[in-house]
Amino acid sequence: MGPEVRIVEVGPRDGLQNIRDTIPTSIKLDLIQRLQKAGLQTIELTSVVSPRAIPQLADCREVLRNPDIKALLSSSQLRLPVLVPNAKGLKIAIENGVREIAVFISATEGFSKANINCTVAQGIERAAQVASLAIRSQIAVRGYVSCIFTDPYDGPTPLSAVLRSVQSLLDAGCYEVSLGDTLGTGSPSNVRELINYLIGNGISPEKLAGHFHDTYGQAVANVWEAFNCGIRVFDSSVGGLGGCPFAPGAKGNVASEDLVYMFHNAGVSTGINLPKLVETGAWISKQLSKGSSSRAGTALATKSQLADPDTKAENRASHLIWDLSSETEGLQIYRSGLNLKIVLNRPKNGNTLTTTMISDLTSVISTASSDPLTSRIIITANGKFFCTGMDLSKERTAVGEAGSSSEAQFTSLKQLFEAIDHCPKVTIAAVNGPAFGGGVGLAFSCDLRVFTRGANVTLSEVKLGLCAATISRYVIRELGFAFSREVMLSARAVTPGELKGLGVISDIASDQNDLRVKVDELLIRLKAASPNASRMSKELVRLAWAHGGDEAQAAGIKGLFEEMMQSDADGAYGVKEFQAKRKVDWDVYVRGRKAKL
């Protein structure tokens, strides 16, 4: 006997299509394989769609041509539908051995126009043409109807509009039609009303599937209500991935883990190995640097220690104890051992930099640079923003004044960024939110950067008739010439995913709490690095940037080599400990050396 409920896993297509940062094809292929090994027998692979419409799925041909996917497509035990919008997409699917496709229409005019740029009637005609061609090629066809309860542009959806769409797809030859609550606005009473209406008008529940989004937290309840109304097929996405790029506010699909957990606890079989599915959800969440949206998946993963620790920061305490040592106008200074944390504290003003703040920042960093009991410096901020740049309020800005005022501001900014850049300590920017202008300079003049997922950097100066003058050397050094030119001229926001792809940031935190945890963990790892060796390593990078290939670089490298080989240098102690097979805690070493002095 087969399972009582069939789960259609839409994660590789619907779950990923709305993610902005490009996901490597290898991750998509691995996801499909893991889902199949977890027992899922219906997996929506991809969509053969224009890369301009859905950039994330531009690699659809590469996915379908993969030898492992080819092997899965040849299996008679699996359903592997591919979404196709038109005859051209169907042709590509057929060429790649696809045995099942999906066509889609909207029940409402507003969404149909926004999504596929046609009326509902035109969408039905287009889907019917594709279905007819597919059936002639002995390819099974599944149908989707979007916006069964609400249209983001037209409001509530009439029951008759859903009936018209479902009947049209069934008449076109679809073996099954999935009812899509695209905005996630439905509740169990809406589900019951719609399904009873469809059944009352001659639609068999055996021809229907449920596709519910969890915007208002009703998705699992809606699935259960649909099950009680006779539906036995449900679309879901591992980890609750998904959303709709054309439906403002729409959240992810109902999580596959939540459905399987619910049905198994109700004694309803799905044929799916729940522990393996949970493991897959934890894995893909880690790959995408995001927390799982599955409540059951998160709970089960935590219980079995499958969840990546980075996705459950709320369950982890910060490793370090920070003490407030001083506070000035707009700044808070904290200490934890040899770590110094500078917190921008003007959240109501976007942490804009005042003249006083710039002066105090420069002073704190300069003092810490010569302090033997400071090894690492963190710059972060309170509130929604990291730093929105210079304070441009009327009473504070020097823009338009020229002369001594502009000269003074230039000098103070130059000294601040040089103090950070030339600091012999390891400097870390913990970017808790969006950064603009001078805030980008603060982040990029540091050695290491950790961003929250909601943070980005924007060089918006050109919009104000300005340019990124004082920070340009750090921006260009970190981003490279071409990318810097593009973002300076376009003044667009650069995402953490883009920055991580460039190697500019070391890690992405899910939220501000996770950021604090990740930074503390990074500081603990850095205790394994000698402060002097870190200083020399920074100098090697600086030599390459400023003097790459010339005599000054060669002389600098030789000088650093000679320094590290001295009998009283950190290297002598570090190598001795290595030979004795002992790990070095350099913070303990620095404190001990200071005590002897």
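Residues numbered from 1 in each chain as written. Predicted model: local features only at pLDDT ≥ 70, side-chain atom pairs only at ≥ 80, totals over all residues. Heavy atoms only, no water.

A. Quick look at the sheet that holds strand β5 (residues 140–146). In space, the eight strands of this open sheet follow the order β2-β1-β10-β9-β8-β5-β4-β3, with parallel pairing throughout. At either end of the open sheet lies a strand with only one pairing partner, and these are β2 (42–43) and β3 (82–83). Looking at chain direction, β5 and strand β8 (residues 176–181) are connected through four bridges and run parallel. Of the residues in β8, the one forming a bridge with Arg 142 is Glu 176. (Pairing = 2+ DSSP bridges. Helix = DSSP H or I, 4+ residues; strand = E, 2+ residues; numbered from the N terminus.)

B. Highlighting the packing of helix α17 (residues 472–479) against helix α18 (residues 481–490). As a packed pair, α17 and α18 sit with axes 7 Å apart at the nearest point and diverge in direction by 125°. Put simply, α17 runs oblique to α18. The crossing of α17 and α18 is right-handed. Every residue of α18 that contacts α17 at Ser 472, Val 475, Ile 476 and Leu 479 is listed here: Phe 481, Phe 483, Ser 484, Val 487 and Met 488. Here the residues of the contact of α17 with α18 are counted per class, giving seven nonpolar, two polar and no charged. (Axes fitted to C-alpha atoms, helices over the stretch in contact; angles between N-to-C directions. Parallel < 35°, antiparallel > 145°, perpendicular 65-115°, else oblique. Left-handed = near helix turned anticlockwise from the far one by under 90°. Contact = heavy atoms within 4.5 Å. Nonpolar A, V, L, I, M, F, W, Y, C, P; charged D, E, K, R; others polar.)

C. Just the sheet that holds strand β12 (residues 331–336), in detail. Spatially, the seven strands line up as an open sheet ordered β11-β12-β13-β14-β15-β17-β20, and their pairing is mixed. Edge positions in the sheet fall to β11 (323–328) and β20 (507–509), since each of these pairs with one other strand and no more. Along the sheet, successive strands turn relative to each other by an average axial angle of 20°, direction set aside. In the packing of helix α14 (residues 355–369) onto the sheet, the strands contacted are β11, β12, β13 (339–344) and β14 (376–381), and the crossing angle to β13 comes to about 175°.

D. Looking closely at the packing of aromatic side chains. Tallied over the entire structure, the rule returns eight aromatic pairs. The rings of Trp 224, Phe 227, Phe 234 and Phe 263 are connected pair by pair, giving a single aromatic cluster. Sitting over the ring of Tyr 144, Arg 142 keeps its end group 5.4 Å from the ring centre. (Phe/Tyr/Trp six-rings, centres within 6.5 Å; stacked < 30°, edge-to-face > 60°. Lys NZ or Arg CZ within 6 Å of the ring centre and 35° of its normal.)

E. Focus on the pattern of salt bridges. In total, this model carries 26 salt bridges according to the counting rule given. Among the ionic pairs, Glu 225 bridges to Arg 192, the shortest N-O distance being 2.9 Å. Placement of the pair is Glu 225 in helix α10 (residues 219–228) and Arg 192 in helix α9 (residues 188–200), with a sequence separation of 33 residues. The class of Glu 225 is buried, set by a relative accessible area of 15%. (Salt bridge = Lys/Arg side-chain N within 4 Å of Asp/Glu carboxyl O. Buried < 20%, exposed > 50% of the residue type's maximum accessible area, 1.4 Å probe, protein only.)

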